[in-house]
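# Per-entry structural report
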Amino acid sequence: MTAALPLALLAAVATRARAEPPAPARLEIAIVHQAVSTTIEAVGPVDVVPPGGRAKPLEWKGELKLGPREGGLRLAQLKLPSETRLEPREGALIKVGPNQYRGSLILRLDPGQTVTVVNDVGIEDYLEGVLPHEMDPDWPLEALKAQAVVARSFAYANMGKFRKDGFDLTADTRSQMYKGVTAVNDNVRRAVKETRGEVLGWHGELLRVYYHACCGGRTENAADVWGGDPKATPPPLRGVKDPWCAASPHMRWTAFFAWQDVMAAIEERRRLPGPLKTLKIGRRDLAGYVRDFVARAGGKDLTVKASDLRSSLGAADLKSARITRLIVKKKGLEFVGAGSGHGVGLCQWGARIQADKGRKYEQILRFYFPGADLSEIAE
Ligand SMILES: [Zn+2]
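Residues numbered from 1 in each chain as written. Predicted model: local features only at pLDDT ≥ 70, side-chain atom pairs only at ≥ 80, totals over all residues.

## Quick word on the overall build of the protein chain
For clarity, the threshold we go by: Numbering goes from the N terminus for both helices and strands, where a helix is a DSSP run of H or I of at least four residues and a strand is a run of E of at least two. The atom set for the radius of gyration is the C-alpha atoms, and the globule formula is 2.2 Å times the number of residues raised to the power 0.38. Residues with at least 20 neighbouring C-beta atoms inside 10 Å of their own are called buried, those with 12 or fewer are called exposed, and the rest are partly exposed, where every C-beta is derived from the backbone. We call two residues in contact when the distance between their C-beta atoms, placed using the backbone, is within 7 Å.
Along the protein chain, the regular secondary structure elements total nine helices and 25 strands. The C-alpha atoms of the protein chain give a radius of gyration of 23 Å, which matches the 21 Å a tight globule of 379 residues would have. With respect to the three principal axes, the spread of C-alpha positions in the protein chain is 70 × 55 × 35 Å. Across the 379 residues in the protein chain, those meeting the buried criterion constitute 41%. Taking the contacts inside the protein chain whose residues are at least 6 apart along the sequence as the reference set, 68% of them involve residues at least 24 apart.

Here it is, written out as structure tokens:
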């Protein structure tokens, strides 16, 4: 469905009178998923709307506990059906846990007697709630604008990804971090507003874009990270040499792991035929990221996927698979690496440094997605 989203080239759209901007799409984001309970607080007038029923004002003030009850939901002392909407009036917000949200909420009882809270929100409001958690909101405006276009493209391309679970996207790193109006500042508001509706396209179709903290000198071909034929990747996602992020704090790093931790990480997925003797770098892809390691154990050489090892050892410490060297130490192994994240698409530190040097978001996007069209979603 998403591949067929109609796109209008922005160059053409920009000349059109924008008296009536198209109504932006809405997204359903799971802000609480299968929790034992959560808290809800109306910040302004809010209506309770049962399915097919009539709206009634929520009269309870303060923080209310939402949890399951036999056959439905309980919100403080209110007994609600197993699916109930909360609709804000007059621009009211609703606080869920520590964060405040725009748009309405769908409160849902899960089959396992847990509760899920889904935020039904316009995509532009959603983006304001994503930006400050995916990029520092005090970074330069042009970097935030590039991030806004990429995050919007990501949202459209992944709309409905979690439909079988009853919503479009999660509010965590499986989709994009989203925390409602918390942490939104003027910079974020401007970045979203000044790029309203803009996405990246390729030959009239929406481009499936990605972003990461720092590429370490060269961005990745998407297929080298997620599989498939690298030559079949659309050219804007095949990776570029990036001199911009060289001053990033993620450019060079080391991470030390004790032998038993490396061994345990490998054994999360496969049994080793004996104690781990050495680990060496195996194949690399074109961008220089390690694709696999070779582990020597019990007299045998075994191939270990770099992405598996990274997720087992922890992506926060082993910041990327761009490992330049392995240093064998007495008690363990030191990984020397560059960059942070999967390396596909927009390099956020590179974008920030480009913006610091006065480059505009269109130039930043053209640099990381060569040949892509800055387009507008035609609603
Ligand atoms: Zn970079």
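So that's the structure; there's more coming.
## Structural notes on the packing of helix α2 (residues 123-134) against helix α4 (residues 186-193)
The line we're drawing: Angles run from 0 to 180 degrees between N-to-C directions of axes, and those axes are lines fitted to C-alpha atoms, restricted for helices to the stretch in contact. These descriptions rest on fixed angle ranges, namely under 35 degrees for roughly parallel, over 145 for roughly antiparallel, 65 to 115 for roughly perpendicular, and the rest for oblique. In this scheme, a crossing is called left-handed if the near helix is turned counterclockwise away from the far one by less than a right angle; it is called right-handed if the turn is clockwise. The residue classification treats Ala, Val, Leu, Ile, Met, Phe, Trp, Tyr, Cys and Pro as nonpolar and Asp, Glu, Lys and Arg as charged. All others, Gly included, are polar.
In contact at an axis separation of 9 Å, α2 and α4 are set at 135 degrees when each is read in the N-to-C sense. Relative to α4, the element α2 is oriented oblique. Viewed along their axes, α2 and α4 form a crossing whose handedness is right-handed. For the pair α2 and α4, contact is made by E124, L127, E128, L131 and P132 and by V188, R189, A191 and V192, respectively. A class-by-class count of the residues in the contact of α2 with α4 yields six nonpolar, no polar and three charged.

## Notes on the domain arrangement of the protein chain
Defined as follows: For the purposes of this description, domain bounds are those given by an automatic or database domain assignment.
The domains assigned to the protein chain are domain 1 (37-113), domain 2 (125-245 + 342-377) and domain 3 (253-337). Each of domain 2 and domain 3 has a C-alpha centre, and these two points are 29 Å apart. Here the side of domain 2 that touches domain 3 is composed, by residue class, of no nonpolar, five polar and three charged.

## Regarding the sheet that holds strand β22 (residues 323-328)
Quick note on the threshold: At least two bridges found by DSSP between two strands is the condition for calling them paired.
Taken together, three strands build an open sheet; the order of strands is β18-β23-β22 and the sheet is antiparallel. Among the strands making up the open sheet, the edge pair consists of β18 (253-258) and β22. Between one strand axis and the next, the sheet turns through 20 degrees on average, direction left out of account. Here β22 pairs with strand β23 (residues 332-337) via five bridges, running antiparallel. Residue pairing across strands places I327 opposite E334, the latter belonging to β23.

## Here's the deal with the environment of E87
Mapped onto the elements, E87 comes out in strand β9 (residues 83-88). Judged by the 17 C-beta atoms lying within 10 Å of it, E87 falls in the partly exposed class. Taking C-alpha positions, E87 is 5.0 Å from D47, a pair spaced 40 residues apart along the chain.

## As for the sheet that holds strand β13 (residues 115-122)
The strand order across the open sheet built from seven strands is β5-β4-β9-β12-β13-β2-β14, with neighbouring strands paired in mixed fashion. Lying at the two open borders of the sheet, with one neighbouring strand each, are β5 (56-57) and β14 (169-170). Examined bridge by bridge, β9 and strand β12 (residues 104-109) share four bridges and lie antiparallel to one another. Pairing of R85 across the sheet is with I106, part of β12. The sheet strands contacting α2 are β2 (26-35) and β13, and the helix crosses β13 at an angle near 115 degrees.

## Considerations on the nonpolar core
Rules: Note on definitions: a nonpolar core is a set of buried residues drawn from Ala, Val, Leu, Ile, Met, Phe, Trp, Tyr and Cys, linked by C-beta atoms within 7 Å.
I29, Y126, L131, A146, A155, L200 and L365 are the most contacted members of the largest nonpolar core, which totals 77 residues. Per element, the largest residue contribution to this core is 10 residues, and it comes from helix α3 (residues 141-158). When residues of this core are assigned to domains, at least three map to each of domain 1 (37-113) and domain 2 (125-245 + 342-377). In this structure, L200 is in contact with V149, S153, L207, V209, L365, F369, A372, L374 and S375, ignoring residues within four places of it in sequence. Ranked by size, the runner-up nonpolar core spans 19 residues in total, among them A265, L279, Y289 and L318.

## Remarks on helix α7 (residues 306-313)
The line we're drawing: Directions from the helix axis toward the C-beta atoms define the arc.
All buried positions along α7 are accounted for by A306, L309, R310 and L313. For α7, the buried positions fall inside an angular range of 100 degrees around the axis, keeping them on one side. Contacts made by the buried residues of α7 are with β18, α6 (259-267), β20 (292-297) and β21 (300-305). Just past α7, the residue G314 takes up positive phi, approximately 110 degrees.

## Some remarks on the confidence of the model for the protein chain
For residues with low pLDDT, the predicted coordinates do not support detailed interpretation. This is how it is decided: Each residue carries a pLDDT score, the predictor's confidence in it, ranging from 0 to 100.
Mean pLDDT over the protein chain works out to 92, with 93% of the residues at or above the 70 mark. Confidence drops under a pLDDT of 50 for residues 11-21, and excluding neighbours within four residues, the segment shows three contacts in the predicted structure.

## Some remarks on the environment of A372
Following the sequence through the fold, A372 ends up in the loop between α9 (361-368) and β25 (373-377). Using a count of 22 C-beta atoms within 10 Å as the deciding quantity, one classes A372 as buried. C-alpha separation for the pair A372 and H212, spaced 160 residues apart in sequence, amounts to 18 Å. Residue contacts for A372: discarding those within four places in its chain leaves L200, G201, W202, L207, P236 and L365.

## Points about the pairing of strand β4 (residues 46-49)
Moving residue by residue along a regular strand, the side chains alternate between the two faces of the sheet. Here β4 shows a clear split, with V46 and V48 buried on one side and none of D47 and V49 buried on the other. Relative to β9, β4 is paired through four bridges, and the arrangement is antiparallel. Across the sheet, the residue bridging to V46 is P88, located in β9. Of the strand pairs in this sheet, β4 and β5 are connected by two bridges, and their pairing is antiparallel. When the bridges of β5 are listed, V48 appears paired with K56. Turn length for the β4-β5 hairpin, with the two strands adjacent in sequence and antiparallel, is six residues, and the turn residue G52 shows positive phi of about 70 degrees.

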